[in-house]
Structures are given as C-alpha cells and as structure tokens.
Amino acid sequence: MAADLAVAVCGAESGACDERAAAQYWALRHAGRTGHGLFRRVFTDHARVTRET
C-alpha cells in the first residue's frame, strides 16, 4: 500500500511512498521546518483480479 501526504496549508506533497513510515517521517520533517500541522493522507492499494476459466 502506498501512502501520500499533502499539507493542507501550502499544498506540499510527500509523493507516493511505499512505506507509511517514510511518508510520516516526511510530514514530521516538514512540520518541524514550517510549523504546518495539518496533512491530508491518501492511501493507494491495488488488487489483481483474474477470471476463472
């Protein structure tokens, strides 16, 4: 599952991260540098579907 965080105040984005911890680390660094504390989190999951024959 990929995670992507976007800052509500300035619109900066972490970009897609394969691990949730990497996105959270980016958010903590951004918040520390800027004081921004509200983020939108988007999680993307994929499913492979096959039909029976």
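Residues numbered from 1 in each chain as written. Predicted model: local features only at pLDDT ≥ 70, side-chain atom pairs only at ≥ 80, totals over all residues. Heavy atoms only, no water.

1. Things to note about the nonpolar core
Within the largest apolar cluster, eight residues are counted, these being Ala3, Leu5, Val7, Cys17, Ala23, Trp26, Ala27 and Phe39. Breaking this core down by element, the ones donating at least two residues are strand 1 (2-7) and helix 1 (20-34). Each residue touching valine 7, except ones within four places of it in the same chain, is listed here: Ala12, Trp26, His30, His36, Leu38 and Phe39. (Core = buried A, V, L, I, M, F, W, Y, C linked by side-chain atoms within 4.5 Å. Buried < 20%, exposed > 50% of the residue type's maximum accessible area, 1.4 Å probe, protein only. Helix = DSSP H or I, 4+ residues; strand = E, 2+ residues; numbered from the N terminus. Contact = heavy atoms within 4.5 Å.)

2. Remarks on the confidence of the model for the chain
On average, residues of the chain score 92 in pLDDT, and 100% of them reach the 70 mark or higher. Looking across the chain, the model is least confident in strand 2 (residues 39-44), with a mean pLDDT of 91, and most confident in helix 1, with 94. (pLDDT = per-residue confidence, 0-100.)

3. Let's talk about the pairing of strand 1
Of all six residues making up strand 1, five are buried, and the element is well covered by its neighbours. Across six bridges, strand 1 lies against strand 2 in antiparallel orientation. Following the sheet pairing, leucine 5 is matched in strand 2 by arginine 41. (Pairing = 2+ DSSP bridges.)

4. Comments concerning the environment of valine 7
Topologically, valine 7 is positioned in strand 1. Taking C-alpha positions, valine 7 is 11 Å from leucine 28, a pair spaced 21 residues apart along the chain.

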